[in-house]
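# A structural walkthrough
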Amino acid sequence: MTILLNTILWAVVAVLAMYAAAVAYMYLRQRALLYAPTLERPLAASCAVDGLQEVTLRTDDGLDLNGWWLPPQPGRPVVLYCHGNAGCLSDCAFKLAAWQAAGMGALLFDYRGYGGNPGRPTEQGLYADARAARRFLLDQGIGDDRLVIHGESLGSGVAAQLALEHAPAALVLEAAFVSIPAVGKRQYPWLPVHRLTKDRFETLAKIGRIRCPVFLLHGEEDDLVPVEMAQALYARANEPKRLHVFPGALHANLYDYGAGDRITAWIDEVMPAARSRAAGG
């Protein structure tokens, strides 16, 4: 009996030790799992978009980030686009077509550590990068009354933070999540994710304090960020707001289902009202 008890005890100890080692590994590696940048610098010329300019954004902590700037037609809105956790800005350059066709301007940029940029990505670092992008647009004469902040996937957390700090004319959240811990818990249910997560991007806790029109777009078959997260964000967002769910769509293919045209049409719908509110009308 003693031998059996000792065997069971050592087995329990071994399992606990392996679990502790796994938790420690995941804690130390979490940013490598969250951020998956392309390291090479993308070139705007490879996109063959007329008028697209390569620009440099300067962050408050002294980093120079690369960006692509598409000036708008006179008086038209400008989209500040925050991309997802993988790749670099060239992976979302196809979205320029819808904005350009509508006469809208756009600023795409790579976060620190992405696309040949210096630094390492962190939650606070990405917030600083988005602030640098907004500051660039202010220097171009684009005020918040003409600014649409658009965030996709991880970028939805960046976009929500920027919109909370400086209310834009409109906010677009594509494939948005409620928080990183909530997404992580789905992927690693055996981990104490809520206690371990450093970079949290708590969008659900913020969206009720954002004061601008909000448009949420989500794929019904999204298996990374379930559509219920978009529904939870929509429920807490202030009016005016809209949620569009694309039947059959996944996490990263909403533009294959016409998301670009829906976004530009919605921007044109809400912009006059947004300008009236900004002017106090």
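Quick look at the structure, then. (Residues numbered from 1 in each chain as written. Predicted model: local features only at pLDDT ≥ 70, side-chain atom pairs only at ≥ 80, totals over all residues. Heavy atoms only, no water.)

### What about the overall build of the chain?
Under the convention used in this document: Only DSSP runs of H or I covering at least 4 residues are called helices, and only runs of E covering at least 2 are called strands; the numbering of each starts at the N terminus. Burial status follows relative accessibility: with a 1.4 Å probe on protein chains alone, a residue under 20% of its type maximum counts as buried, one over 50% as exposed, and anything between as partly exposed. For this analysis, residues touch if any pair of their heavy atoms sits within 4.5 Å. Surface accessibility in these figures is a Shrake-Rupley result with a 1.4 Å probe; residues are shielded only by whichever protein chains are displayed.
On a plain count of helices and strands, the chain comes out with nine helices and ten strands. Residue burial in the chain is summarised as follows: out of 281 residues, 51% are buried. Intrachain contacts of the chain at a sequence separation of at least 6 include 72% that bridge at least 24 residues. Per element, the accessible surface of the chain, about 12,900 Å² overall, is 57% carbon and sulfur.

### Digging into unusual backbone geometry
Following E239, the chain continues into P240 via a peptide bond in cis, with omega recorded as -5°. Secondary-structure assignment places P240 in the loop between α8 (227-236) and β10 (241-246). At A175, a residue that is not glycine, the phi angle is positive and equals roughly 55°. Within the element layout of this structure, A175 appears in the loop between β8 (170-174) and α5 (180-187). Look at F201: it is not a glycine, yet its phi comes out positive at around 45°. Within the secondary structure layout, F201 lies in the loop between α6 (193-196) and α7 (203-207).

### Notes on the nonpolar core
Rules: Definition of nonpolar core: a set of buried residues of the types Ala, Val, Leu, Ile, Met, Phe, Trp, Tyr and Cys, connected through side-chain atoms within 4.5 Å.
L137, L171 and F201 are the most contacted members of the largest nonpolar core, which has 49 residues in total. Apart from residues lying up to four places away in sequence, L137 is in contact with W69, V78, L80, L107, I142 and L147. Core analysis: the second largest hydrophobic core is formed by 31 residues, A44, V79, L217 and W266 among them.

### Thoughts on the state of the cysteines
Each disulfide is one covalent bond, formed between the sulfur atoms of two cysteines. The line we're drawing: The rule for a disulfide is simple: a pair of cysteine sulfur atoms within 2.5 Å.
Under the definition given, this model contains zero disulfides. Here C82 stays free of any disulfide, with the sulfur of C92 as its closest cysteine sulfur at 9.9 Å. In this structure C82 comes out as buried when scored by relative accessible area, which is 0%. Note on C92: no disulfide assigned, nearest cysteine sulfur contributed by C88 at a separation of 7.9 Å. Note on C92: relative accessible area 5%, which makes it buried.

### Some thoughts on the sheet that holds β8
To keep things clear, this is the line we draw: Think of it this way: DSSP has to see at least two bridges between two strands before they count as a pair. Axis definition: a line fitted to C-alpha atoms, over the contacting stretch in the case of helices. Angles run 0 to 180 degrees between N-to-C directions.
Strand order in the open sheet made by the eight strands is β2-β3-β6-β4-β7-β8-β9-β10, with mixed pairing throughout. This sheet does not close on itself; its edge strands, each paired only once, are β2 (53-58) and β10. Taken pair by pair, the neighbouring strands of this sheet meet at an average axis angle of 20°, ignoring direction. Here strand β9 (residues 214-219) pairs with β10 via six bridges, running parallel. Residue pairing for β10: V214 is matched across the bridge by K241. Here helix α3 (residues 123-139) sits on the sheet in contact with β2, β3 (64-70), β4 (78-82), β6 (105-109) and β7 (147-152), set at roughly 120° to β2. Packed on one face of the sheet, helix α4 (residues 154-165) meets β4, β7 and β8 and runs near 150° to β7.

### What about the side chain of T197?
Inclusion rule: Whenever two N or O atoms come within 3.5 Å, that pair is a polar contact, provided that in protein one can donate a hydrogen and the other can accept it, and provided that, for residues adjacent in sequence, both atoms are side-chain atoms.
The residue T197 is located in the loop between α6 and α7 in this model. Looking at T197, its side chain comes within polar contact range of the main-chain oxygen of V193, at 2.7 Å. Discounting chain neighbours no more than four positions away, the residues touching T197 are Q30, I180 and P181.

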